[in-house]
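Coordinate inspection notes
Given next are the chains, with one letter for each unit.
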Amino acid sequence: MFLGVSIIADRFMASIEVITSQERQITIKKPNGEKITTTVRIWNETVSNLTLMALGSSAPEILLGVVEVCGHNFDAGELGPNTIVGSAAFNMFVIIGLCVSVIPDGEIRRVKHLRVFFVTAAWSVFAYTWLYLILAVSSPGIVEIWEGLLTLFFFPICVGFAYVADRRLLFYKYVYKRYRAGKQKGMIIETEGEPDPPTKVDVEMDGKMHNSHGDEFVVREAGFEEKEMDEEEAYREKARILKELKQKYPEKETEQLMELANYQVLAQQQKSRAFYRCQATRILTGAGNILKKHAADQAKRANNYGICSEVSANDFSAKVFFDPGAYQCLENCGSVALNVVRRGGDLTSTVSVDYRTEDGTANAGSDYQFTEGRVVFQPGETEKEIHINIIDDDIFEEDEHFLVHLSNVKVISDGIDANGRDVNHVDTLAGLGLPCTATVTIFDDDHAGIFTFEEPVVTVSESIGVMEVKVVRTAGARGVVVVPYKTMEGTAKGGGEDFEDTHGVLEFDNDEVFKTICVNIIDDEVYEKNKNFFLELGDPQLLEMTEKKDGKEEPLTKKEEEERRIAELGRPMLGEHVKMEVIIEESYEFKSTVDKLIKKTNLALVIGTNSWREQFMEAITVSSGNDDDDEDESAEEKLPSCFHYVMHFLTVFWKLLFAFVPPTDYWNGWACFVVSISVIGMLTAVIGDLASHFGCTVGLKDSVTAVVFVALGTSVPDTFASKVAAIQDQYADASIGNVTGSNAVNVFLGIGLAWSIAAIYHQSKGDKFRVDPGTLAFSVTLFTIFAFICIAVLIYRRRPEIGGELGGPRIPKILTSCLFFSLWLMYIVFSSLEAYCHVKGF
């Protein structure tokens, strides 16, 4: 039964992970008016840990208390409340003691959110102190309605205090704060310090603008103040991992590197309590290591996708089009040749296509000769040329263009009709491809030319190596012209850091209409924001014929004198785009790989499911439970051991039964949440009856059965989860920080809800809800005293001699673990002795 509860609790925690991982987009408006869109978590981490996460890990204990009261005619029972106190003792002493001891020698783990830890620790001690007060002081033996309701209302008050401590609200807001984005998406890290100069930053959420100067909504919801969130840090971290793996395994393919990087990022990522709980349960029940399974599955899926080549929609259809679709020529070239090709279809057939010129800015008769006709592709021919005559003149004019259209494509086959006459049959398996219109630009050659870049801004990939920039010469191409150029730094740095400094002179020969500048771009494979630099053209100079002859003056011929006269009439000049901005963006392939890695490292995708088929496949599959801290980085799953097969066959009934629970993708996890908590309630009702029968069989009281056996059975998954979290996580929050919060939630929800219902019921009947304070009050008092000792030891361990709550030098680590285990054993012994009246209680 405990295994069944663990498995359905695993489904419950998976739904909680999906729910709390929901994100929303916000738009940050910078002072310069630029808007940046980013995503943040909807759920605050502290709130989710104390509400849904704590409810998920403590659901069996909480529901056991409620079910017991409702099932015993609303009379108090000993099993539910003592299970809650016993589970709290096990969590506080055994789990924390184990987490202290499993840290490798010389390593430490500290609580990161210390303010939240202090708040939850104080509330956990207060919860059990309050329980003693209402049992033995306020109204001994009787629970009033206000006592039960106040106990229940302490739950949202506790969450509110923890949220205030986490977000530094109320009195915390007078402390200067700075925010930066953490490595986990949507996580905001605050630091204290002197305030920065006031900066106006607006945040747009849900269509509303919020200003950072006076709107606390920005601080609470968006998670930043005076500084925009920077998610590039997470990208850089994942890019660094990819780069290191590429250097370590140069022989591996990209998809294999993706598998390694996916597993490594998932292993290093900060995880929630729900994740560790699910992971521990699945390893325990033979379902395998979910991290390695997920990484391997992603790699297999990626290998199943091929690169799709671009093909025609109908491979049997012949397509006729221009290749290329744009042409340039000088005014004095005589004629221009346009290339027409056919692709696809039956190459043994004859294909014809009509063509016709059309005026643009160039006019037929004065700039070019009007042309129309038909091109016929004989069997086996795939290319044809169309020649169009260009008309030359000595008039200065702008560059002009005209168009050439293709139309009326036919596939022609020869045949003989019934009368023996030759006929042409037109087949419909032919058509125009793209481009079916060609543009011909005529460059005027009567002017020295206007020199310009084609575009004012160009974006290049960091991995391009050598960037080629074209400088075009328009409105003329007469004479030899030199144009100086140079690079200028922007946010991108020269000198070989982001690009190599380049400068020089372009020399345009007579009738030459473009030149190319080459700039080396440096690819460092480090994820960066887009950077820019500039290319600038200097004043063009007309190179005289005498200057090309080593400065020697020679008499000019009549032809050369005429050329100089004409050239003088059209001096070269700069055009519209003299300074071009070059934006260096991250390599598309590298960025695409990192983006895929970002999407695949969402922990909600790792433990969640998207279909019933997937759930049933997981239910019948046996996998190994490799430890995450092994040295094998390949993320390859090993064969299951005998233990894994045994555990699988012991739990396969529960796995198949709970595979009917809705997948976590439905209703964003809420369908799975509702069904799972309902099933947990039914199972805990059965466990309560079985525990009572077991106690009667072996001669144990319900209070002893609850403290020793039921509390132990419900806490085993949490034990494994905390152990894995202590080893893997760099902080102690996930392993011990949530223990104190769960202990407080157990009392406020498990006892507060059950006793409130019972007190209201008895009040409606004109009676009092009576609770025997004896054994429960003694257990609560004993636990509270030991909890003070435990928390004091943890605080003392933060001193420099040890350095943190978990781990540290070998001797202090062993002594701490032995102390905590001894406290739990003493709690069990004294509670049992009091239950059998060997020790005087209350």
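Residues numbered from 1 in each chain as written. Predicted model: local features only at pLDDT ≥ 70, side-chain atom pairs only at ≥ 80, totals over all residues. Heavy atoms only, no water.

**A closer look at the overall build of the chain**
For the chain, the count of helices and strands is 20 helices and 30 strands. Taking all 842 residues of the chain together, 51% fall into the buried category. Sequence separation of at least 24 residues holds for 77% of the intrachain contacts in the chain that already meet a minimum separation of 6. Summed over its atoms, the accessible surface of the chain is roughly 39300 Å², and 57% of this surface lies on carbon and sulfur atoms. (Helix = DSSP H or I, 4+ residues; strand = E, 2+ residues; numbered from the N terminus. Buried < 20%, exposed > 50% of the residue type's maximum accessible area, 1.4 Å probe, protein only. Contact = heavy atoms within 4.5 Å. Areas by Shrake-Rupley, 256 points an atom, 1.4 Å probe, with all protein chains shown as cover.)

**A few points about helix H17 (residues 702–728)**
Look at H17: 38 Å from first C-alpha to last across 27 residues, which is about the 39 Å you get at 1.5 Å a residue. Along H17, the sharpest kink reaches roughly 45 degrees, centred on Ser715 and followed within four residues by the proline Pro717. Of all 27 residues making up H17, 20 are buried, and the element is well covered by its neighbours. (Expected span 1.5 Å × (residues − 1). Bend = angle between axes of the 7 residues up to and from the residue.)

**Some thoughts on the environment of Phe126**
Tracing the chain through its elements places Phe126 in helix H4 (residues 114–138). Considered as a pair, Phe126 and Ala744 are 618 residues apart in the sequence and their alpha carbons are 8.2 Å apart.

**Topic: the pairing of strand S25 (residues 531–537)**
With five bridges connecting them, strand S22 (residues 480–489) and S25 associate as antiparallel partners. Each bridged residue has a counterpart across the sheet, and for Tyr485 the counterpart in S25 is Leu537. Pairing geometry for S25 and strand S28 (residues 579–585), over six bridges, is antiparallel. In the sheet register, Phe533 faces S28, and the bridge partner there is Val582. (Pairing = 2+ DSSP bridges.)

**Some remarks on the sheet that holds strand S27 (residues 573–574)**
Pairing is mixed in the open sheet, where four strands are placed in the order S24-S21-S19-S27. If you trace the sheet from one side to the other, it starts and ends with strand S24 (514–520) and S27, each paired once. Summarising the sheet, strand S19 (residues 450–453) and strand S21 (residues 466–474) pair through four bridges and their orientation is antiparallel. Paired with Ile450 across the two strands is Thr474, which belongs to S21.

**A look at the nonpolar core**
Grouped together as the largest cluster of nonpolar side chains are 100 residues, with contacts concentrated most on Phe93, Ile96, Tyr128, Phe748, Trp755, Phe783 and Tyr827. Among residues more than four places away in sequence, those in contact with Trp755 are Pro81, Leu131, Ile134, Leu135, Val143, Phe769, Val771 and Leu776. Within the second largest apolar cluster, 27 residues are counted, among which are Val320, Tyr327, Tyr355 and Leu406. (Core = buried A, V, L, I, M, F, W, Y, C linked by side-chain atoms within 4.5 Å.)

**So, the pattern of salt bridges**
Pairing between side chains of opposite charge can happen when their charged atoms approach one another. Applying the stated rule across the entire model yields eleven salt bridges. Residue Lys813 is joined to Asp105 by a salt bridge in which the shortest nitrogen-to-oxygen separation is 2.6 Å. With Lys813 in helix H20 (residues 810–835) and Asp105 in the loop between helix H3 (79–102) and strand S3 (108–109), this residue pair connects regions lying 708 residues apart in the sequence. Judged by relative accessible area, which is 5%, Lys813 ranks as buried. Residue Asp105 is classed as partly exposed on the basis of its relative accessible area of 47%. Among the ionic pairs, Asp354 bridges to Arg374, the shortest N-O distance being 2.8 Å. (Salt bridge = Lys/Arg side-chain N within 4 Å of Asp/Glu carboxyl O.)

**Overview of the packing of aromatic side chains**
One pair of aromatic rings is described through two measures. These are the centre distance and the angle between the planes. According to the stated counting rule, one finds 25 aromatic pairs in the structure shown. Note on Phe117 and Phe118: the rings are 6.2 Å apart at their centroids and 45 degrees apart in plane angle, and the pair reads as tilted. For Phe118, a relative accessible area of 38% gives the class partly exposed. A ring pair is formed by Phe616 and Phe660, whose centres lie 5.0 Å apart and whose planes are at 85 degrees; its orientation type is edge-to-face. Of this pair, Phe616 sits in helix H14 (residues 612–620) while Phe660 is found in the loop between helix H15 (642–658) and helix H16 (670–698), placing the two residues 44 residues apart along the sequence. Relative accessible area serves as the criterion here: at 26%, Phe616 is assigned to the partly exposed category. Here the aromatic residues Trp123, Phe126, Trp130, Trp146, Phe154, Phe161 and Phe748 are joined through ring pairs into a cluster of three or more. Residue placement shows Lys579 over the ring face of Phe534; its charged tip is 4.8 Å from the ring centre. Taking the ring centre of Tyr836 as reference, the NZ or CZ of Lys701 above it sits at 5.5 Å. (Phe/Tyr/Trp six-rings, centres within 6.5 Å; stacked < 30°, edge-to-face > 60°. Lys NZ or Arg CZ within 6 Å of the ring centre and 35° of its normal.)

**So, the side chain of Asn532**
Relative to the helices and strands, Asn532 is located in strand S25. Within polar-contact distance, the side chain of Asn532 engages the side chain of Thr491 at 2.7 Å. A distance of 2.8 Å separates polar atoms of two side chains, one belonging to Asn532 and the other to Glu581. Apart from residues lying up to four places away in sequence, Asn532 is in contact with Gly490, Thr491, Ala492, Glu581, Val582 and Ile583. (Polar contact = N/O pair within 3.5 Å; in protein donor to acceptor, adjacent residues only side chain to side chain.)

**Examining the sheet that holds strand S14 (residues 383–389)**
Overall, mixed pairing links the four strands, which are arranged S14-S11-S9-S17 in an open sheet. Every interior strand has two partners, whereas the edge strands, S14 and strand S17 (430–432), have only one. Strand-to-strand twist in this sheet, taken as the mean axis angle between neighbours without regard to direction, amounts to 25 degrees. Note that strand S11 (residues 335–343) and S14 share seven bridges and pair antiparallel. Across the sheet, the residue bridging to Val341 is Glu383, located in S14. (Axes fitted to C-alpha atoms, helices over the stretch in contact; angles between N-to-C directions.)

**A short note on the packing of H3 against helix H19 (residues 773–796)**
Viewed as axis vectors pointing N to C, H3 and H19 meet at an angle of 20 degrees, and their least axial separation amounts to 10 Å. Taken as axis vectors, H3 and H19 run roughly parallel relative to one another. Where H3 crosses over H19, the handedness of that crossing is left-handed. Contacts from Pro81, Asn82, Val85, Ala88, Ala89, Met92, Phe93 and Ile96 in H3 reach Thr775, Leu776, Ser779, Val780, Phe783, Phe786, Ala787, Cys790 and Leu794 in H19. For the contact of H3 with H19, the residue count by class is 14 nonpolar, three polar and no charged. (Parallel < 35°, antiparallel > 145°, perpendicular 65-115°, else oblique. Left-handed = near helix turned anticlockwise from the far one by under 90°. Nonpolar A, V, L, I, M, F, W, Y, C, P; charged D, E, K, R; others polar.)

**Examining a nonpolar patch on the surface**
A grouping of Trp612, Phe653, Leu657, Phe660, Tyr666, Trp667 and Trp670 is seen on the molecular surface, where their side chains present a nonpolar patch of about 830 Å² in accessible area. With respect to the helices and strands, the residue Trp670 is situated in helix H16. Overall, Trp670 belongs to the partly exposed group, its relative accessible area being 37%. (Patch = residues over 30% accessible without salt bridge, like charges linked within 9 Å, V, L, I, M, F, W, Y side chains within 5 Å.)

**Concerning unusual backbone geometry**
A cis amide bond, omega 5 degrees, links Asp323 with the succeeding residue Pro324. You can see Pro324 is positioned in the loop between strand S9 (318–322) and strand S10 (326–330). Unusually for a residue other than glycine, Phe74 sits at a positive phi of about 60 degrees. In this fold, Phe74 is placed in the loop between helix H2 (45–71) and H3. A positive phi angle, close to 55 degrees, is found at Asn408, a residue other than glycine. Following the sequence through the fold, Asn408 ends up in strand S15 (residues 400–416). The class for Asn408 is partly exposed, based on a relative accessible area of 37%.

**Considerations on a negative patch on the surface**
Taken together, the side chains of Glu489, Glu497, Glu500 and Asp501 define an acidic patch exposed on the protein surface. As for its position among the elements, Glu500 is in the loop between S22 and strand S23 (503–508). Classification of Glu500 by relative accessible area gives partly exposed; the value is 35%. (Lys, Arg positive; Asp, Glu negative; His and termini not counted. Charge placed at Lys NZ, Arg CZ, Asp CG, Glu CD.)

**So, the confidence of the model for the chain**
Chain-level pLDDT for the chain is 75 on average; 70% of the residues reach the 70-or-more range. Note that pLDDT drops below 50 for residues 174–230; the model gives that stretch 140 contacts with residues more than four away or on any other chain. Between residues 415–428, whose pLDDT stays under 50, and residues either more than four places distant or in other chains, the model counts 18 contacts. (pLDDT = per-residue confidence, 0-100.)

**Regarding the environment of Ala14**
When you line up the elements, Ala14 lands in helix H1 (residues 2–20). In this structure, the C-alpha to C-alpha distance between Ala14 and Gly669, residues 655 residues apart in sequence, is 8.1 Å.

**With respect to the packing of H17 against H20**
Packing of H17 against H20 leaves a shortest axis separation of 9 Å and a crossing angle of 170 degrees. Relative to H20, the element H17 lies roughly antiparallel. Along its contact with H17, which presents Ser703, Val704, Val707 and Val708, the element H20 presents Tyr827, Ile828, Ser832 and Ala835. Taken together, the residues of the contact of H17 with H20 break down into six nonpolar, two polar and no charged.

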